[in-house]
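Descriptive analysis of the structure
Letter by letter, the chains look like this.
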Amino acid sequence: MGAMLLIAGLLLWSGAHLGAAARAPLRGRLIDRIGIGPYKGIFSLVILLSIGLMVSGWQSMSPAPLYQPPHFLRHVTMLLMVFAVILFIGARFPSNIRHWLRHPQLTGVKTWALAHLLSNGEPRSLLLFGGLLAWAVLSVIVINRREGAWKRPAPAGFGATALHVGVGIALTAALVFAHPWIAGVPLVSSR
């Protein structure tokens with residue numbers, strides 16, 4: 001049952017995001033018909049439902065591993081997570097990251113998912129992180145087809161980029177310590 005909930009959540013998440021990205025004219029007509037506020041409200045409810053399904057599915061699945069990844073991959077995961085967070089917030093802060101990458105937020109999601117796949121060998125992780133990795137890859141393809149050639153934004157400068165990276169590192173540190181409450185898995189030993 002847990003796997004079905006997790007898969008349903010992933011499909012709902014992916015369908016909502018990919019549908020909005022791939023069907024921009026349909027999205028525009030829907031917004032014209034019901035208004036931007038109701039559209040955002042419905043979209044948010046669908047996303048919250050998909051997250052709820054993923055969390056419920058994750059929690060109800062057994063954490064028994066299919067395989068045990070090598071211990072050193074845990075350190076690779078931690079390093080990749082620094083880059084994942086910096087990239088994820090790259091779409092929100094002015095920095096050179098938006099000058100270097102067309103899709104910093106989706107690249108951050110892909111990095112996050114890959115990092116977690118490297119250090120988790122249980123079925124629920126393979127489903128969740130593999131599914132979100134597939135969604136992020138498809139999203140980049142759909143958006144690139146819709147938008148055509150990339151018009152690279154102007155560089156933001158060293159100071160803005162350094163601030164962005166600093167915020168990303170600080171946020172990563174906060175996430176490491178909050179991980180037991182977010183995912184139920186401690187990353188830092190209290191010994």
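Structure first, text after, so check above.
All of the points below concern the structure found in this document.

Each value, and the rule that gives it
Residues numbered from 1 in each chain as written. Predicted model: local features only at pLDDT ≥ 70, side-chain atom pairs only at ≥ 80, totals over all residues. Heavy atoms only, no water. Core = buried A, V, L, I, M, F, W, Y, C linked by side-chain atoms within 4.5 Å. Buried < 20%, exposed > 50% of the residue type's maximum accessible area, 1.4 Å probe, protein only. Helix = DSSP H or I, 4+ residues; strand = E, 2+ residues; numbered from the N terminus. Contact = heavy atoms within 4.5 Å. Axes fitted to C-alpha atoms, helices over the stretch in contact; angles between N-to-C directions. Parallel < 35°, antiparallel > 145°, perpendicular 65-115°, else oblique. Left-handed = near helix turned anticlockwise from the far one by under 90°. Nonpolar A, V, L, I, M, F, W, Y, C, P; charged D, E, K, R; others polar. Phe/Tyr/Trp six-rings, centres within 6.5 Å; stacked < 30°, edge-to-face > 60°. Polar contact = N/O pair within 3.5 Å; in protein donor to acceptor, adjacent residues only side chain to side chain. Salt bridge = Lys/Arg side-chain N within 4 Å of Asp/Glu carboxyl O.

**A few points about the nonpolar core**
Most often, soluble globular proteins have nonpolar side chains that are buried together. Counting residues in each nonpolar core, the largest one holds 21 residues, and the members touching the most others are Leu128 and Trp135. For this core, the elements supplying multiple residues, two or more each, are helix H1 (2-22), helix H3 (36-60), helix H6 (104-119) and helix H7 (123-147). Looking at this core, the element that brings in the most residues is H7, giving seven residues. The contacts of Leu128, once residues within four sequence positions are left out, are Leu6, Leu10, Met54 and Trp58.

**A short note on the packing of H1 against H3**
At a minimum axis distance of 7 Å, the contact between H1 and H3 shows a crossing angle of 155°. What the angle tells us is that H1 and H3 run roughly antiparallel. For H1 against H3, the interelement crossing comes out left-handed. A class-by-class count of the residues in the contact of H1 with H3 yields 17 nonpolar, seven polar and no charged.

**Describing the packing of aromatic side chains**
Centre distance and the angle of the planes are the two values used to describe a pair of aromatic rings. For the structure on display, the rule yields four aromatic pairs. Ring centres 5.5 Å apart and planes at 75° place the aromatic pair Trp13 and Trp135 in the edge-to-face group. Note that Trp13 is positioned in helix H1 and Trp135 in helix H7, a separation of 122 residues in sequence. Each member of the pair, Trp13 as well as Trp135, is classed as buried. Between the aromatic rings of Tyr39 and Phe43, the centroid separation amounts to 6.2 Å while the plane-to-plane angle is 20°, which identifies the pairing as stacked. With Tyr39 and Phe43 both in helix H3 and four residues apart, the pair spans about one turn of that helix.

**Brief notes about the side chain of Thr111**
Structurally, Thr111 is set in helix H6. A distance of 2.8 Å separates a polar atom in the side chain of Thr111 from the backbone oxygen of Thr107.

**Observations regarding the environment of Phe93**
Residue position: Phe93 is located in the loop between helix H4 (72-88) and helix H5 (97-100). Among the residues examined, Phe93 registers a relative accessible area of 32% and is labelled partly exposed. C-alpha of Phe93 to C-alpha of Gly121: the two residues are 28 residues apart in sequence and 34 Å apart in space. Those residues in contact with Phe93 that sit more than four places away from it in its chain are Arg98, His164 and Val167.

**Thoughts on the pattern of salt bridges**
Side chains that differ in sign of charge can pair as their charged atoms come close. By the definition in use, this model includes three salt bridges. Notably, a salt bridge pairs Glu147 with Arg102, separated by 3.7 Å at the nearest N-O pair. Of the two residues, Glu147 is situated in helix H7 and Arg102 in the loop between H5 and H6; the sequence distance between them amounts to 45 residues. Exposure remark for Glu147: the relative accessible area of 46% places this residue in the partly exposed category. Each of Arg102, Arg146 and Glu147 takes part in a single network of salt bridges with overlapping partners.

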